[in-house]
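Here is how the chains run, residue by residue.
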Amino acid sequence: MYGRIIGSGAYLPARRLDNHELERMVDTSDEWIRARTGIVRRAIAAEGEYTSDLAEAAAREAIAASGVSLSQIDLIIVATTTPDLVFPSTATLVQHRLGIRGCPAFDIQAVCAGFIYALDVVDKYMRSGACRCALVIGAETFSRIVDWTDRTTCVLFGDGAGAMVIKSDDEPGILSTHVHADGAYKELLWVPVGVSTGNAEVEAGRAFTRMKGNEVFRWAVTAMSDIAVEALRHNGLSIEDLDWLVPHQANVRIIQAIGKRLRLPPEKVVVTVAEHGNTSAASVPLAFDTAVRDGRFKHGDLILLEGFGGGFTWGSALIRY
Ligand code: COA
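None of these values were measured; they are calculated from a predicted model. (Residues numbered from 1 in each chain as written. Predicted model: local features only at pLDDT ≥ 70, side-chain atom pairs only at ≥ 80, totals over all residues. Heavy atoms only, no water.)

Caption draft 1: A look at the overall build of the chain. The number of helices and strands found in the chain is 11 helices and 13 strands. Its C-alpha atoms give the chain a radius of gyration of 18 Å, near enough to 20 Å, the size a compact globule of 321 residues would have. If you line up the chain on its principal axes, its C-alpha atoms span 55 × 45 × 35 Å. In the chain, buried positions account for 55% of the 321 residues. Here the contacts in the chain between residues at least 6 apart in sequence split such that 77% fall between residues at least 24 apart. For the chain, the computed accessible surface area is about 13400 Å², with 52% contributed by carbon and sulfur atoms. (Helix = DSSP H or I, 4+ residues; strand = E, 2+ residues; numbered from the N terminus. Rg over C-alpha atoms; globule rule 2.2 N^0.38 Å. Buried < 20%, exposed > 50% of the residue type's maximum accessible area, 1.4 Å probe, protein only. Contact = heavy atoms within 4.5 Å. Areas by Shrake-Rupley, 256 points an atom, 1.4 Å probe, with all protein chains shown as cover.)

Right, here's the structure in full:
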C-alpha cells in the first residue's frame, strides 16, 4: 500500500508584519528585503496563540477537504521546531483537541525539513500496513525564536501551519521519499541554547535563531538541487516529467537558483515566500495547499516536495497527485 494525499489545509495567524513595519524596528529597507529574499510580508502569531492552535486550524481544514471522519485517523505527526511545551508533544495536544484517542501521535524535529521527514515516516507506516489514514502537520510559531533586533535573521521568518490527510491506497501517492542529515553544520543555523544546555537563557527569552546566511544559502541550493535529481533518478524519471516543484520557502533567490540548476521552467515552481516568509516546517505544506486551492495541481500531476533546514537536514518526497 502507498500513501495518497487526499486533503490539505493551511492556517496563517491574522496579523501580518510587512517590510515597512520592519523598517521601523531594525536598520533595513523594503527594497533590500524584497531584492535579497523576495519576502514582502509574514504572519505573526498573536500573544497567547500557540503552535498547537495553528496546527489544529490547518488540520481541521485538511480533514474537511479530505472528507474522512475523525475516527478514521490512526496516526498524527506534527513537524515543529517550536512546540507549545517541552512535553507532551504538540501532536498529542492536537489529537486531544480533535477528540481523537488512542492512535499514535508524536512530533518530529528536523527544523525546516521536518515536514518532509514526517512524510518519510508516514510513507513507511503506509507501506508496512501499520497505518491507513494519517494526519500530518507542519506548524511553527517561529517568531518566538527570532531576535527582533537582529536584521540579518528577523526579516526572514514567519508563523503558520499546513496539514495533509494521507490515506493508504493501492496506487501511489507517495512514490518515494529521501531524507538526509549532516550534523557537522550545526553552527551555521541554530538556536544555541535549549532545555539541557541553558535553561536560564531560554527562560530569559534569549533562545534565538543564529545563522551564517551566505553559507546556508549555498548549501540549500546544492542540497535541494541534488535531491531533486536523486528522487527523479530513483523513480526512472527525468526533470521533463515533473509537473511541479514545491521547494522549501526560505528565499526566492534560493528557489530561483535551484530552478536554474535543474533547468526547470519558473512556471513549474510553486513560490509563496513573498506572502509567508520562511515558516520552517510549515513552509512546504503551506505552499502545497496554496497551489491546491488555486487549482494549479491536477489529478495525476507529478509533484516534488523538498525541504532543507538546520542540522543540516534535507529531503524530498515525490508524489503523484
Ligand atoms: N537589511 C539591510 N541590510 C542587511 C540586512 C537587512 N535585513 N541583513 C543583512 N544586511 C547587510 C549585511 O550586513 C551586509 O552588509 P555589509 O556588506 O555592509 O557587511 C549586506 O547586507 C550583505 O549581506 P549578505 O549576508 O552578504 O547578504 P545576502 O545576499 O547573502 O543575503 C540572506 C542575506 C540572509 C538573505 C541570505 O544569505 C539567505 O537567504 N541565506 C539563507 C537563509 C536561509 O534560507 N535560512 C534558512 C534555511 S532553512
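Caption draft 2: Geometry of the nonpolar core. Ranked by internal contacts, the top residues of the largest apolar core, which has 29 residues, are I166 and L305. Among the secondary structure elements, those contributing two or more residues to this core are β4 (75-79), α5 (114-128), β6 (133-140), β7 (160-169), β11 (244-246), α11 (283-293), β12 (302-309) and β13 (313-320). Per element, the largest residue contribution to this core is six residues, and it comes from α5. Split by domain, this core shows at least three residues from each of two domains, domain 1 (2-170) and domain 2 (176-320). Not counting residues within four places of it along the chain, the set of residues in contact with I166 comprises G3, R4, I5, L119, V122, M126, R132, C133, A134, V136 and I174. (Core = buried A, V, L, I, M, F, W, Y, C linked by side-chain atoms within 4.5 Å. Domains from an automatic or database assignment.)

Caption draft 3: The arrangement of the site of the ligand in detail. Lining the immediate surroundings of the ligand are 24 residues, of which T28, R36, R151, N214 and N251 lie closest. A distance of 2.6 Å is found between an oxygen atom of the ligand and a side-chain nitrogen or oxygen belonging to N214. The contact in question runs from an oxygen atom of the ligand to an N or O atom on the side chain of N251, over 2.6 Å. Relative to its unbound accessible surface of 960 Å², the ligand loses 74% to contact with the protein. Taken together, the elements giving at least two residues each to the shell around the ligand come down to α2 (30-37), α6 (151-154), α8 (213-234), α9 (252-262) and β12. Sort the elements by how many residues they give to the shell around the ligand and α8 lands first, with four residues. Partitioned by chemical class, the residues of the shell around the ligand number 11 nonpolar, nine polar and four charged. Counting the residues that make up the shell around the ligand, at least three belong to each of domain 1 (2-170) and domain 2 (176-320). (Near = heavy atom within 4 Å. Polar contact = N/O pair within 3.5 Å; in protein donor to acceptor, adjacent residues only side chain to side chain. Nonpolar A, V, L, I, M, F, W, Y, C, P; charged D, E, K, R; others polar.)

Caption draft 4: Region of interest: the sheet that holds β7. Pairing is mixed in the open sheet, where five strands are placed in the order β1-β7-β6-β4-β5. Edge strands, defined here as strands with exactly one partner in the open sheet, are β1 (2-11) and β5 (105-108). Averaged over all neighbouring strand pairs, the angle between strand axes comes to 20 degrees, with direction disregarded. As paired strands, β1 and β7 are joined by nine bridges and run antiparallel to one another. Pairing of G3 across the sheet is with S168, part of β7. In the packing of α11 onto the sheet, contacts are made with β1, β6 and β7, and the angle to β1 comes to roughly 90 degrees. (Pairing = 2+ DSSP bridges. Axes fitted to C-alpha atoms, helices over the stretch in contact; angles between N-to-C directions.)

Caption draft 5: Broad picture of the sheet that holds strand β8 (residues 174-181). If you walk across this open sheet you meet the four strands as β8-β13-β12-β11, and the pairing is mixed. One side of each edge strand has no neighbouring strand; the edge strands of this open sheet are β8 and β11. Each strand of the sheet is rotated relative to its neighbour by a mean of 10 degrees, with strand direction disregarded. Sheet topology places β11 next to β12; three bridges connect them, and they run parallel. Counterpart to V246 in the pairing with β12 is L305. α5 contacts β8, β12 and β13 of the sheet and is inclined by roughly 130 degrees relative to β8. Lying on the sheet, α11 is in contact with β11, β12 and β13; it crosses β12 at an angle near 150 degrees.

Caption draft 6: Fine view of the environment of D243. Position of D243 relative to the elements: it lies in the loop between α8 and β11. C-alpha of D243 to C-alpha of V146: the two residues are 97 residues apart in sequence and 35 Å apart in space. Residues within four places of D243 in sequence aside, it is in contact with K268, G300, D301 and L302. Here the side chain of D243 touches L302 through a polar contact of 2.7 Å, landing on its backbone nitrogen.

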